[in-house]
Amino acid sequence: MYKNIEEIRTALFCGKRIYDIPLRVTFYGRVSTDEDKQLNSLEHQIAYFESKIKSCEKWEYVPGYIDEGITGTRADKRPQFLKMVRDAKAGAFDLILTKEVSRFARDIVDCVQTVRELLRYDVGVLIEDINLNTMDKDAEFRLSIMAIVAQEESRKTSERVKFGYRQTMKEGKRHGATPPIGYRFNNENNGYHVDEQKSKLVRFVFEEYAKGELGTRRISELLVQKGFLNDAGNPYNPSTIERMIRNPVYLGYIVNGKTYKPHYREDKHIAIPRDKWQLHYDPVRVPPLISEELWDKANYVLNERSKRLDGVDCLSKDSTGLGKYVYSNRIVCGVDGCGYHRSVGRWTVDGVQKRVEYWRCSLYKKYGRKRCDSPIIYKRDLDKIMRSLFSVMAPLLKETCDPLAEAVRQTLEDKQQENVSELERELAAIEMKKKKLLDGWMNSVVSDNDYRTMSGKLEQQAADLKQRMEKAEQVTEAPEVSKKTFAIMQQAITNANLESVEIVDELVRRFVHKIIVKRKEGEETGKGKVPYILEIWLQNAETPANFDLALCARTRRNPGRRTGP
């Protein structure tokens, strides 16, 4: 058995066939849908590769990797593909067989990147449709040429598709792989039929929301009670209900142009403002499900509620890379293992609006007490517990200030050493040189030997730059400890200034790893009795700090409905 890729290449150079070299061989197969016809095709692939590998006396068969009913657009959506790469890294096999590039990667450009990664693990790929063995010395050169041609063809195809889409939009033709909720496709007139069952769902949503009393989350819960679930058998997401309310299709419009794809190589779609959508009123092809008056009422309520959020930061993370709220992703229910979610209760007393922030198990938030009886915990009570904890821990935390200050200084120095923008400009310059070199080779200005030599040098320079960029980006993207934050921490620890909510929040962010809400053993819930403790784990701590919830946890209720807590 050969030890590495260079020994195998030497054997191939000396005239041996790949089939005559002792190798551990596996295969990769994929179909993009789970239809019977496609799965039968997959069975044929498996039988073909298994027979081919076992028929070679020098080869050792390694069970293959199969992705069924999964698109090849994104590698992270192909679990068996990712497992294959991990096994390659662990040295489980030497060669992978695959029928064609489109089965292995979405195109030759992606194939080049995967092949390079596998070669670093001394693993080759034999692609049958283009008769390419990546263990050959000139394989990457051939793949690179093919990648340029394939990428240009992809660009042209994308432009043709976009042009055709724009033309059909002008004609008011229907687009989309699935019909809007409440409709079925009518292929006779390129429109929709009314889905009698789901159209009831749509009317219920508009009627309830237009009253202005319920939000999308509560309406989703009511839909479950009425037996309405999505195609996956799950409750409708509140965001789905919001999009439904905003969709003019229910008034009798064909709606196109709601998103666009900025680049043919990316899967990301950008939302287009609603006033830029392409609308074609055709009540014959799109039977209206609701009246214009009801649609206006529901959208008026939605727009008024949206105005309240203008200027509010709705990001799920803050500048440190952690949760937006101080206890986000930190509180865990010890009963079912689910995370605690934040909620805000609001009520009015003598014309004055009150509010309170509290946290509760996500299972209770979604299904109620029948699924989880862990207590609601108010933020003010959590802050009270944290003040008690940090007042005791202050002497120990103070010892961490000096190392933390050094970490801040080192982080700032690292950022100054590598400027990501400058590295990107250098990389772009190298890519331009590679294109010019390729033009020279294709026009016979540069010889084959000179092309390979110069191309190799440019590839190495590009690889070095990408490595430096990765390190620089890791520093940039890592949770940043700002000077302001560090000053707050020092102030809190040195002066024991724990009354400030801002200081308590910063200490929790920097030192608290996890908070587990655990039931006391041998105790039952009773009136006025809360048999739970908070198990608080600090960063790198070997044991937790325990706090009894009996003095601070409230009786279960929905805060802010009629009276405040």
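Since the model is a prediction, treat every value here as computed from it, not as a measurement. (Residues numbered from 1 in each chain as written. Predicted model: local features only at pLDDT ≥ 70, side-chain atom pairs only at ≥ 80, totals over all residues. Heavy atoms only, no water.)

## As for the sheet that holds strand β17 (residues 512–519)
With mixed pairing, the four strands of this open sheet are ordered in space as β13-β17-β18-β19. Since the sheet does not close on itself, it has two edges, and those belong to β13 (331–333) and β19 (545–548), each with one partner. Across this sheet, the average inter-strand angle for adjacent strands is 25 degrees, counted without regard to direction. By the bridge criterion, three bridges tie β13 to β17 in an arrangement that is parallel. (Pairing = 2+ DSSP bridges. Helix = DSSP H or I, 4+ residues; strand = E, 2+ residues; numbered from the N terminus. Axes fitted to C-alpha atoms, helices over the stretch in contact; angles between N-to-C directions.)

## Focus on the pattern of salt bridges
Any two side chains of opposite charge can pair, so long as their charged atoms come close to each other. Taken as a whole and judged by the stated rule, the model has 16 salt bridges. Lys 54 is the salt-bridge partner of Glu 50, the closest N and O atoms lying 2.9 Å from each other. Remark: Lys 54 and Glu 50 occur in helix α2 (residues 36–55); sequence separation between them is four residues, near one turn of the helix. Its relative accessible area of 28% is what places Glu 50 among the partly exposed residues. As a salt-bridge pair, Arg 285 and Asp 282 come within 3.4 Å of each other at their nearest N and O atoms. Its relative accessible area of 14% is what places Arg 285 among the buried residues. Among the charged side chains, a salt-bridge network with shared partners connects Lys 379, Asp 383 and Asp 505. (Salt bridge = Lys/Arg side-chain N within 4 Å of Asp/Glu carboxyl O. Buried < 20%, exposed > 50% of the residue type's maximum accessible area, 1.4 Å probe, protein only.)

## Examining the state of the cysteines
Tallying each qualifying case throughout the model produces zero disulfides. Just so you know, Cys 333 is unpaired, no disulfide at all, and the nearest cysteine sulfur is the one on Cys 372, 3.8 Å from it. Free cysteine: Cys 338, not disulfide-bonded; nearest cysteine sulfur from Cys 361 at 5.0 Å. Residue class for Cys 338 comes out partly exposed when judged on its relative accessible area of 22%. (Disulfide = S-S within 2.5 Å.)

## Some thoughts on the packing of helix α7 (residues 196–210) against helix α9 (residues 238–246)
Running from N to C, α7 and α9 cross one another at 85 degrees; their axes reach a closest spacing of 10 Å. Taken together, α7 and α9 sit at an angle that is classed as roughly perpendicular. Contacts between α7 and α9 pair Leu 201, Val 202, Val 205, Phe 206 and Tyr 209 from the former with Ile 241, Met 244 and Ile 245 from the latter. For the contact of α7 with α9, the class distribution of residues is eight nonpolar, no polar and no charged. (Parallel < 35°, antiparallel > 145°, perpendicular 65-115°, else oblique. Contact = heavy atoms within 4.5 Å. Nonpolar A, V, L, I, M, F, W, Y, C, P; charged D, E, K, R; others polar.)

## Considering the packing of aromatic side chains
Two aromatic rings are characterised by how far apart their centres lie and by the angle between their planes. On inspection of all chains with the given rule, the structure shows 12 aromatic pairs. Ring geometry for Phe 206 versus Tyr 250: centroids 5.9 Å apart, planes at 70 degrees, classification edge-to-face. On the criterion of sequence distance, the pair formed by Phe 206 in helix α7 and Tyr 250 in the loop between α9 and β9 (253–256) is long-range, its members being 44 residues apart. Note on accessibility: Phe 206 and Tyr 250 belong to one class, buried. (Phe/Tyr/Trp six-rings, centres within 6.5 Å; stacked < 30°, edge-to-face > 60°.)

## Topic: helix α8 (residues 216–225)
Within α8, the full set of buried residues consists of Thr 216, Ile 219, Ser 220, Leu 222 and Leu 223. Take α8 and look down its axis: the buried residues cluster within an arc of 160 degrees, on one side only. Close packing links the buried residues of α8 with α7 and α9. At the C-terminal side of α8, Gly 227 shows a positive phi close to 90 degrees. (Arc of directions from axis to C-beta.)

## Thoughts on the sheet that holds strand β15 (residues 352–361)
Overall, antiparallel pairing links the three strands, which are arranged β14-β15-β16 in an open sheet. Of all strands in the sheet, those bounded by a partner on one side alone are β14 (340–349) and β16 (377–378).

## Overview of unusual backbone geometry
Residues other than glycine seldom take positive phi values, yet Asp 122 does so here, at roughly 65 degrees. The residue Asp 122 is located in the loop between α5 (108–120) and β5 (124–127) in this model. Phi at Asn 190 takes a positive value of approximately 60 degrees, unusual for a residue other than glycine. Looking at where Asn 190 falls in the secondary structure, it is placed in the loop between β7 (183–186) and β8 (191–194). Judged by its relative accessible area of 25%, Asn 190 is partly exposed.

## A word on the pairing of β17
The pairing of β17 with strand β18 (residues 532–538) spans seven bridges and is antiparallel. The partner of Arg 519 across the bridge, within β18, is Tyr 532.

## Re the side chain of Glu 208
Take Glu 208: it is sitting in helix α7. Not counting residues within four places of it along the chain, the set of residues in contact with Glu 208 comprises Leu 214 and Ile 219.

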